[in-house]
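Remarks on the overall topology
Read off the chains here:
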Amino acid sequence: MENEKYLGKIKEILSNENIKYEEDELKKVVEYGVEKHLDKKILDENAIDFVTEVAGEVATLRLDDKSIYTAILYPVVDYDNFDEKELIDVAGKETADLVLTLKKLEENYKPTDKINIATNPEVLRNMFMAIAKDIRVVIIKITERLSYMRRMSTLDEAVKEQVAKECLEIYAPIAHRLGMSKVKSELEDISFRVLLPQEYHNIKEQIDQKKEERESYIENRISEVSQKLKEQNIEATIYGRPKHFYSIYKKMKAKSCDAEDLFDLIAIRVIVNSIKDCYNVLGIVHDMYKPMPGRFKDYIAVPKTNMYQSLHTTVFGEEGRPFEIQIRTWDMHNVAERGIAAHFSYKEKSKKISEADKKIIWLRKTLEIQKELADNTENIDKIKTEIFGEEVFVFTPKGEIKSMPKGATPIDFAYSIHQRVAEQMVGAKINGRMVPLNTKLENKDVVEIVTSKNSKGPNRDWLKYVKTSSAKNKITSFLKKEGRETNIQSGKESFEKILKKQKYTKDELLKDEFLEPALRRFNCKTIDDCYENIGFGSISPVKVVNKIVELYEESLAPAEEDLKLKVVTKKRKNNSNELVEVEGIDNCLVKFAKCCSPIPGDEIIGYITFANGISIHRRDCSNLKALDIAARTINVRWKEQTHAEFNARLVVKANDREGVLADILKTMKELKVDITEISTKVTQDRENITNLCANIKDINTLQNVIKALRKIDSVFDVRRIK
């Protein structure tokens, strides 16, 4: 019964969007999906209903049948009984690959995790690698995220804000770059409502106040334009274009004005059958209404990098009130609504895919950044600046359009043409005039690079001017290659100058056992490589020397094995009756519960056992929830005492490095706190997890221990555990 119900829904979705499919294959996928999603939930909704909505959203973008199947099946990878071979047998290799690639996007992340994917290098890297492998994966992911955000009311506020922030920083910009304007607008508005509820409602109130008046004004303008186009025998569809709230908010912030002061708050869209009709309509509109100077944009002649095309003009209507008109063909409208998905069909194979890829220049930029940058943090910053940041559109002398990040200079432009052109550059012309190489490019500039075979190539000053990571890396590589000997000599002098300031001698520090791990830390194969990087300025000599000194001092400290021998093994011998006072009872048997190990300062409660007196628990002990608390608890409190010791269990998490355990033991020794148990392990993610049990006097002592452990280099979390 359920199979027939959902099979009918999916068939209707595919038919409405004219998506071709094989009847038997669809039936197998839906039956498999219904079976696997049975009793599963996604944000308190039946999983099968959730994925059916995602499939519907994917279908509106006119992707193929395999994309629809992927939308239906993608959660099964997380289920306990998932079998990859079974998935391939049911849905085919292509769909299985899409499902597994989609899973890879969040390999290190779930929406409710306390991390921000906008600063997580692995998640971002997976995202862009998926784009390179099969762009359908990212389109499906974005539509899935839209369905997820529509149901976020069940999440707590902190998680809701995190998901919304990630959406504004990552998913909405990618949707914009892919031309998915409707999806992008809804993602932004939901995020805006979550992150800035007051600003959202203020704008909504401003818009609603004059909604009827504005709608009446728009209807009158539509009527006027429709009548005029009919007289000119131009077939057109005309309607009012709604402005989404987040876009209004950004423009209000940029212009420091109210919503009603924006020129494009009132807008109409005209859709015609040909490019010729677009320009004819533009002429008619400008004849009907006075155009506002500086407010005309021709995105047909110069499309945006996400393939968007339209004519935009702002004109003065009745009573001198400005309004915007957008004019486009139906093909342009489809691309504007659905983005890159409207530009290719996977059934038509390679030709259309490659044509579509050529149009999304930013994808190639992303891959270049990943290949050329080794440092994760810098990689993220570059991606966000160059890929999600503002752009300028400039022209070569032959009229070819180049998209550059805002702030780019002629040097960036030269490297975007070819590395050889940049290395032979001796000057640049913008709009026919010679300009300094640090001039920032503006929209519509015509840029010409002046070259000479006698050029000496880039110099160090160029690094101050370039905006793109690609150009910066190529300049750095050139300078390193050309000036290696000079840099080695300069770096060696700087290194030895810092070395002389240390309290240890050069002979003590510069031994292979300390030098080799230090070189590995800074990605250098030889000491000359290290000197070269220091001389070039890409490595600090202070950091290198400090690392060598750290390794040397670790060799002087007691070995971890020796320290382990000093771990105290004695048991606590506190007389519980002398430490805790039971309300209304004297001299009864009192024991401390091992499940939560209370210590003085903790809020405690007594639990009356059948044969072992009163068990003392922390009030937040989870084990009490399973007991008959109301009938068998009794109030207890700590007595004044000074010499007792209590067991407290801690977990210390650190990035794995040499000597981290030795530092933990050394810190405990300095605090004069005895350890009764200790164990440590290193995870596959190179995370060092140390569990220890220590003799603690009271809660203040425990807090001091935790604070001291957190100060250890590489430690990122210290918690008390039960």
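Conventions used here
- Residues numbered from 1 in each chain as written.
- Predicted model: local features only at pLDDT ≥ 70, side-chain atom pairs only at ≥ 80, totals over all residues.
- Heavy atoms only, no water.
- Helix = DSSP H or I, 4+ residues; strand = E, 2+ residues; numbered from the N terminus.
- Buried < 20%, exposed > 50% of the residue type's maximum accessible area, 1.4 Å probe, protein only.
- Areas by Shrake-Rupley, 256 points an atom, 1.4 Å probe, with all protein chains shown as cover.
- Axes fitted to C-alpha atoms, helices over the stretch in contact; angles between N-to-C directions.
- Parallel < 35°, antiparallel > 145°, perpendicular 65-115°, else oblique.
- Left-handed = near helix turned anticlockwise from the far one by under 90°.
- Contact = heavy atoms within 4.5 Å.
- Nonpolar A, V, L, I, M, F, W, Y, C, P; charged D, E, K, R; others polar.
- Pairing = 2+ DSSP bridges.
- Expected span 1.5 Å × (residues − 1).
- Salt bridge = Lys/Arg side-chain N within 4 Å of Asp/Glu carboxyl O.
- Phe/Tyr/Trp six-rings, centres within 6.5 Å; stacked < 30°, edge-to-face > 60°.
- Lys NZ or Arg CZ within 6 Å of the ring centre and 35° of its normal.
- Arc of directions from axis to C-beta.
- pLDDT = per-residue confidence, 0-100.
- Disulfide = S-S within 2.5 Å.

1. Focus on the overall build of the protein chain
- The helix and strand tally for the protein chain stands at 32 helices and 23 strands.
- Counting across all 722 residues of the protein chain, residues that qualify as buried make up 48%.
- Accessible surface for the protein chain amounts to roughly 37800 Å². Of this, 47% is attributable to carbon and sulfur atoms.

2. A closer look at the packing of helix 3 (residues 47–60) against helix 4 (residues 65–73)
- Running from N to C, helix 3 and helix 4 cross one another at 155°; their axes reach a closest spacing of 8 Å. The angle between helix 3 and helix 4 falls in the class roughly antiparallel. Helix-helix and strand crossings are classified by hand; for helix 3 and helix 4 the assignment is right-handed. For the pair helix 3 and helix 4, contact is made by Val-51, Val-54, Ala-55, Val-58 and Ala-59 and by Ser-67, Ile-68, Ala-71 and Ile-72, respectively.
- Per-class residue counts for the contact of helix 3 with helix 4 are eight nonpolar, one polar and no charged.

3. Focus: the sheet that holds strand 22 (residues 687–696)
- A sheet is described by the order of its strands in space; here four strands give the open sequence 21-22-20-23, paired in antiparallel fashion. Where the open sheet ends on each side, the last strands, each with one partner, are strand 21 (675–682) and strand 23 (715–721). Ignoring strand direction, the axes of neighbouring strands in this sheet form an average angle of 15°.
- Sheet topology places strand 20 (residues 646–655) next to strand 22; 10 bridges connect them, and they run antiparallel. The partner of Asn-647 across the bridge, within strand 22, is Asn-695.
- Of the strands in this sheet, strand 20, strand 21 and strand 22 are in contact with helix 31 (residues 660–670), which crosses strand 22 at around 15°.

4. Describing helix 2 (residues 23–37)
- Here helix 2 contains 15 residues, and its C-alpha end-to-end distance of 21 Å stays within 8% of the 21 Å for a straight helix at 1.5 Å per residue.
- Residues of helix 2 that are buried make contact with helix 1 (2–16), helix 3, helix 4 and helix 5 (84–91).
- Positive backbone phi, approximately 70°, marks Asp-39, located one or two places after helix 2.

5. Digging into the pairing of strand 16 (residues 604–608)
- Burial analysis of strand 16 places four of its five residues in the buried class, the great majority of the element.
- In this structure, strand 16 lies alongside strand 17 (residues 614–618), joined through five bridges in antiparallel fashion. Each residue of the ladder has a partner; that of Tyr-607, found in strand 17, is Ser-615.
- With two bridges joining them, strand 16 and strand 18 (residues 633–634) adopt antiparallel strand pairing. If you follow Gly-606 over to strand 18, its bridge partner there is Ile-634.

6. With respect to unusual backbone geometry
- Even without glycine at this site, Asn-431 takes up a positive phi of about 55°.
- The residue Asn-431 is located in the loop between strand 11 (425–430) and strand 12 (433–435) in this model.
- Of the residues examined, Asn-431 reaches a relative accessible area of 48% and is grouped as partly exposed.
- Within the chain, Asn-523 stands out as a residue other than glycine whose phi angle is a positive 55°.
- When you line up the elements, Asn-523 lands in the loop between helix 25 (512–521) and helix 26 (527–536).

7. Section: the pattern of salt bridges
- In total, this model carries 27 salt bridges according to the counting rule given.
- Put simply, Glu-57 and Arg-150 hold a salt bridge, and the shortest N to O gap is 2.9 Å. Of this pair, Glu-57 sits in helix 3 while Arg-150 sits in helix 8 (residues 135–150); the two residues are 93 residues apart in sequence, bridging distant segments of the chain.
- Residue Glu-57 is classed as buried on the basis of its relative accessible area of 18%.
- Judged by its relative accessible area of 33%, Arg-150 is partly exposed.
- Ionic pairing is found between Glu-496 and Lys-506, a salt bridge with its closest N-O pair at 3.2 Å. Here the residue Glu-496 occupies a position in helix 23 (residues 484–499), and Lys-506 occupies one in helix 24 (residues 506–509), the gap between them amounting to 10 residues.
- On the accessibility criterion, Lys-506 (43% relative accessible area) is partly exposed.

8. Concerning the packing of aromatic side chains
- Taken as a whole and judged by the stated rule, the model has 10 aromatic pairs.
- Their ring planes at 80° and their centres at 6.2 Å tell us that Tyr-217 and Phe-323 sit as a pair that is edge-to-face. Residue Tyr-217 is found in helix 12 (residues 211–231), and its partner Phe-323 is found in strand 8 (residues 322–329); the two are separated by 106 residues along the sequence. By the burial criterion, Tyr-217 is buried, and Phe-323 matches it.
- Through pairs of rings, three or more aromatic residues link up here, namely Phe-192, Tyr-200, Phe-245, Tyr-246 and Tyr-249.
- Directly above the aromatic system of Tyr-79 lies the positively charged group of Lys-40, at a separation of 4.7 Å from the ring centroid.
- Seen from the ring of Phe-522, Arg-521 lies directly overhead, with NZ or CZ sitting 5.0 Å from the centre.

9. Let's talk about helix 23
- When the terminal C-alpha atoms of helix 23 are compared, their 22 Å separation across 16 residues agrees well with the 22 Å that a helix rising 1.5 Å per residue should span.
- Asn-487, Ile-488, Gly-491, Phe-495, Ile-498 and Leu-499 are the residues of helix 23 that are buried. Buried positions in helix 23, seen along its axis, are confined to an arc of 100° and lie on one side of it. Those residues of helix 23 that are exposed and aimed more than 90 degrees away from the buried face are Glu-485, Thr-486 and Lys-497.

10. Some remarks on the confidence of the model for the protein chain
- Within the protein chain, residue pLDDT values average 79, and 82% of them lie at 70 or more.
- Across the protein chain, the element-wise mean pLDDT spans from 39 in helix 28 (residues 560–565) up to 94 in helix 14 (residues 275–288).
- Of the regions scoring below 50 in pLDDT, residues 344–359 engages in 20 contacts with residues more than four places distant in sequence or in other chains.
- Ignoring residues within four places in sequence, the model shows residues 372–379, a span with pLDDT below 50, making 14 contacts including any to other chains.

11. As for the side chain of Glu-25
- Along the chain, Glu-25 turns up in helix 2.
- Ignoring any residue separated from it by four or fewer positions in sequence, one finds Glu-25 in contact with Asp-65, Lys-66, Tyr-69 and Ala-91.

12. Describing the state of the cysteines
- Using the criterion set out here, one finds zero disulfides in the structure.
- There is no disulfide at Cys-530, and the cysteine sulfur nearest it, in Cys-524, is 4.6 Å away.

13. Description of the environment of Val-77
- Residue placement: Val-77 occurs in the loop between helix 4 and helix 5.
- Between the alpha carbons of Val-77 and Leu-87 there is a distance of 9.2 Å; along the sequence they are 10 residues apart.
- Once residues within four sequence positions are removed from consideration, Val-77 is found in contact with Phe-82, Val-99, Leu-100 and Lys-103.

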